[in-house]
Amino acid sequence: MGWWVVLVVVVPLVCVNCQNCRGEEPRERGCENVCDKYGNCKIRAALLLPKNTTYDACLPVVEPVLQLALQHEAVRDAFPSWLDFEWLTYDVTDCDAAYAVISAIDAYNDCTHVFFGPSCDYALASVARIAKFLGNTGTPIVTTGGFTFDFVKPKQTCQDEFYMMVRAGPLGFKDLAYFLIDIMRHYAWRQLVLINEPDAQMDVAGKSTCHLMMKTFANFLKIEDIIYIPWDTTSDGGLNYTENLKLYVGFKYSSWRGGFLLASTIHDYMIFEGIDVFGREIQPQQTYEDLLLQNVGNNYASESVWE
């Protein structure tokens, strides 16, 4: 699902009757409306992303895609012929939350009607919390980010934290959590070790991507009454991975019944060695017993977990 798909929702986003979250009389601005007093109508869209190409969603990558999307027949048909569309770009330096807020305020002062981005979770949260107060009825945010479980909560009223935000991405960390939970249910496993490098995969959702994913996992594992032990690889007390695996798996799990699934990055959650992932389906080419032994090592995978 590409970024261009979200363009077709821009017209209803900027035209619906939203709530006034300020609780006061709207402040009139000459550029608040899409159409000016001369009948010229234009949607001004702000693209709030970093220039730094370290991040998957960055200005050099996304901006040309959106410009190309405007030429797509489906997008052209979604806009009336009398309505123009203009992109304004703002650098959210290194996907930082403070720079994201500054960029959003600058975009608002430039009379934009809708924000595209940010995509990094911390930056997105900062902007999404204030967007409902920008303009007479708030400024809508469209993003392919918003992976953590906080972003999937209801966003229907001013009382909701991220009111005005629309997640256009195909999945979030909740989906990955239930991918894992479904495997646990299938094999009747009741406990696992969650191994993570908190600041790995920054290109996906910015700072602490894997930490935020683990928080989401933990939230839904608790809901499903599945026992887990978190292992933060940055706080190993001087032990190497082999020694820690022996501690966490060989010792803590040697007398347990059940199973566990190991991963350290988002990529490992989606594509294990020997498993191809297509959308929400997994097609294993090896048994999970073999995968576990392969990834943990015969020395530390207790036979008791298969009993």
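Residues numbered from 1 in each chain as written. Predicted model: local features only at pLDDT ≥ 70, side-chain atom pairs only at ≥ 80, totals over all residues. Heavy atoms only, no water.

- You'll find the chain entered in an unreviewed UniProt entry as Receptor ligand binding region domain-containing protein, with Danaus plexippus plexippus given as the organism.
- Looking at the chain in UniProt, the text filed under Subcellular location (unreviewed entry) is "Membrane". (UniProt positions renumbered as here; feature names shortened; annotations may be inferred.)

### Some thoughts on unusual backbone geometry
Reasoning step 1: For the peptide bond that leads from Gly 117 to Pro 118, omega is 0 degrees, which places it in the cis range.
Reasoning step 2: Structurally, Pro 118 can be placed in the loop between β3 (114–116) and α5 (121–131).
Reasoning step 3: Non-glycine residue Ser 208 carries a positive phi angle of around 60 degrees.
Reasoning step 4: Along the polypeptide, Ser 208 turns up in the loop between α7 (202–205) and α8 (209–223). (Helix = DSSP H or I, 4+ residues; strand = E, 2+ residues; numbered from the N terminus.)

### What to know about the packing of aromatic side chains
Reasoning step 1: Scanning all chains against the criterion turns up eight aromatic pairs.
Reasoning step 2: Their ring planes at 65 degrees and their centres at 5.0 Å tell us that Phe 85 and Trp 87 sit as a pair that is edge-to-face.
Reasoning step 3: Accessibility expressed as a relative area gives 19% for Phe 85, which makes it buried.
Reasoning step 4: Taken together, the ring pairs connect Phe 79, Phe 85, Trp 87 and Phe 116 into an aromatic cluster. (Phe/Tyr/Trp six-rings, centres within 6.5 Å; stacked < 30°, edge-to-face > 60°. Buried < 20%, exposed > 50% of the residue type's maximum accessible area, 1.4 Å probe, protein only.)

### Some words on the state of the cysteines
Reasoning step 1: Evaluated as defined, the whole model comprises three disulfides.
Reasoning step 2: Across the disulfide from Cys 35 sits Cys 41; the S-S distance is 1.9 Å. Every disulfide takes its handedness from the sign of the S-S torsion; for Cys 35 and Cys 41 that torsion is 105 degrees, giving right-handed.
Reasoning step 3: Looking at Cys 35, the relative accessible area reads 35%, which means it is partly exposed.
Reasoning step 4: Its relative accessible area of 7% is what places Cys 41 among the buried residues.
Reasoning step 5: Across a sulfur-sulfur distance of 2.0 Å, Cys 95 and Cys 120 are joined as a disulfide pair. (Disulfide = S-S within 2.5 Å.)

### Some words on the nonpolar core
As a rule of thumb, soluble globular proteins bury nonpolar side chains together.
Reasoning step 1: Leu 48, Phe 115, Val 127, Ile 141 and Met 165 are the most contacted members of the largest nonpolar core, which totals 24 residues.
Reasoning step 2: Residue contributions to this core peak at six residues, all from α5.
Reasoning step 3: Filtering out sequence-adjacent residues up to four positions away, Leu 48 remains in contact with Tyr 90, Val 92, Ser 103, Ala 104, Ala 107, Phe 115, Phe 116, Gly 117, Pro 118 and Val 127.
Reasoning step 4: Counting residues in hydrophobic clusters, the runner-up holds 21 residues, among them Phe 149, Ile 181, Met 213 and Leu 221. (Core = buried A, V, L, I, M, F, W, Y, C linked by side-chain atoms within 4.5 Å. Contact = heavy atoms within 4.5 Å.)

### Some details on the confidence of the model for the chain
Reasoning step 1: Taken as a whole, the chain shows an average pLDDT of 75; of its residues, 69% reach a score of 70 or greater.
Reasoning step 2: Confidence drops under a pLDDT of 50 for residues 251–284, and excluding neighbours within four residues, the segment shows 98 contacts in the predicted structure.
Reasoning step 3: Scored below 50 in pLDDT, residues 295–307 makes 27 contacts in the model with residues more than four places away or belonging to other chains. (pLDDT = per-residue confidence, 0-100.)

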